[in-house]
Amino acid sequence: MKNVLIIQDISGFGKCSTTVALPIVSACGVTGSIMPTAILSTHTGPEFPGFTFLDLTDNMVQMLKHWEELDIKFDAIYTGYLGRIDHVDLLIEHIPNILAPGGKIFIDPAFGDNGKYYVGFDNEYGQAQRKLVAIADYVLPNYTEACLLLERSFESLTYSEEELLEIMQELKDIGAKNVIITGVRQDKMIGAALLNEENELTYSLAKYIDQLFHGTGDVFAATVVGKYLNSANIQESIDTAVEFVPAAIQATLDDEDPITYGVHFEKVLHLLVP
Ligand code: PXL
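Rules behind the numbers
Residues numbered from 1 in each chain as written. Predicted model: local features only at pLDDT ≥ 70, side-chain atom pairs only at ≥ 80, totals over all residues. Heavy atoms only, no water. Phe/Tyr/Trp six-rings, centres within 6.5 Å; stacked < 30°, edge-to-face > 60°. Helix = DSSP H or I, 4+ residues; strand = E, 2+ residues; numbered from the N terminus. Buried < 20%, exposed > 50% of the residue type's maximum accessible area, 1.4 Å probe, protein only. Pairing = 2+ DSSP bridges. Contact = heavy atoms within 4.5 Å. Axes fitted to C-alpha atoms, helices over the stretch in contact; angles between N-to-C directions. Left-handed = near helix turned anticlockwise from the far one by under 90°. Nonpolar A, V, L, I, M, F, W, Y, C, P; charged D, E, K, R; others polar.

Draft legend 1. Quick look at the packing of aromatic side chains. Applying the stated criterion to the full structure yields 11 aromatic pairs. Ring centres of Phe106 and Tyr228 lie 5.6 Å apart, and the angle between their planes is 65°; on these two criteria the pair is classed as edge-to-face. With Phe106 in strand β5 (residues 99-107) and Tyr228 in helix α7 (residues 216-231), this pair connects stretches of sequence that are 122 residues apart. Relative accessible area serves as the criterion here: at 0%, Phe106 is assigned to the buried category. Summarising the aromatic geometry, the rings of Tyr143 and Tyr159 are spaced 4.8 Å apart at their centres and angled 80° between planes, so their arrangement reads as edge-to-face. Highlighted residues: Tyr143 in helix α5 (residues 143-150) and Tyr159 in the loop between α5 and α6 (161-174), separated in sequence by 16 residues. Residue Tyr143 is classed as buried on the basis of its relative accessible area, which comes to 6%. Residue classification places Tyr159 among the partly exposed residues on the basis of a relative accessible area of 44%.

Draft legend 2. Focus on the sheet that holds strand β2 (residues 31-42). Strand order in the open sheet made by the 9 strands is β3-β2-β1-β4-β5-β8-β9-β10-β11, with mixed pairing throughout. The open sheet has two edge strands, β3 (53-55) and β11 (201-207), and neither has a second partner. Where strand β1 (residues 3-13) meets β2, 9 bridges bridge the pair, whose relative direction is parallel. Bridge assignment links Ile7 to a residue of β2, and that residue is Met35. Across the face of the sheet, helix α2 (residues 57-70) comes into contact with β1, β2, β3 and β4 (74-79) while running at roughly 170° to β2.

Draft legend 3. How the structure looks around the packing of α7 against helix α8 (residues 234-253). Where α7 meets α8, the axes come as close as 8 Å, and the angle between the chain directions of the two elements is 145°. Note on packing geometry: the crossing formed by α7 with α8 is right-handed. Residues Thr216, Val219, Phe220, Thr223, Val224, Lys227, Tyr228 and Ser231 of α7 touch α8, and the partners they reach there are Ile234, Glu236, Ser237, Ile238, Thr240, Ala241, Val242, Phe244, Val245 and Ile249. Among the residues forming the contact of α7 with α8, the class breakdown is 11 nonpolar, 5 polar and 2 charged.

Right, here's the structure in full:
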């Protein structure tokens, strides 16, 4: 059975990062191992002012040391929201020791949306994440994160295919083997674009639902990772994720909970079961 190491924070309430990634990869029939980077009361979005934040860097060092002593290896490493710049160098140093031969590295920068960094992050954090992009087999930024990584203007985006390719190529120039950009829009559709190792550009698009939800980037990335580990087919995995996100959003809209409670992906999790 494939085993992916999910390296993200645990947000107690609000559904994102580890609490989303773990059930999703499990539904895909993949073992999810975790290395929490921080524990928060909620995610850092504006709906939850005053969130708590416990940094777990010291514990990460201990966990890595223990796994290295036991020679534990993972079939994939999947990083998302980390929390501290220090985490980047720690991971760069240790990932080679805990990745199985032929294992894949998935990097979701997870530091911004709508043209801005999340609370607590700045350009220094974004530029540090470039080191992870450099070792990625697959990097999965949204348009905001792609622009911030490249220090490009988000406001002057034209969303043309030429510009999209330029951005993807620049991310490859940093070192990422494959680039998956999310939030790509075409007419009434939304989805993701992939520029693969052979420099082929493909789109996966689904119906656009005009409602922003926190955590959809995490749902998308976790689905790609979980499905990929079972199929080794990145295009199929992206197609599934692009369909799964609107299904989860629709399930949330159909529920009476306030949307601040997060995406109710649990209601459609069965769609991912092999
Ligand atoms: O969904 C990304 C994410 C993950 N973890 C935390 C966050 C966010 C986005 O704001 O705040 C703690």
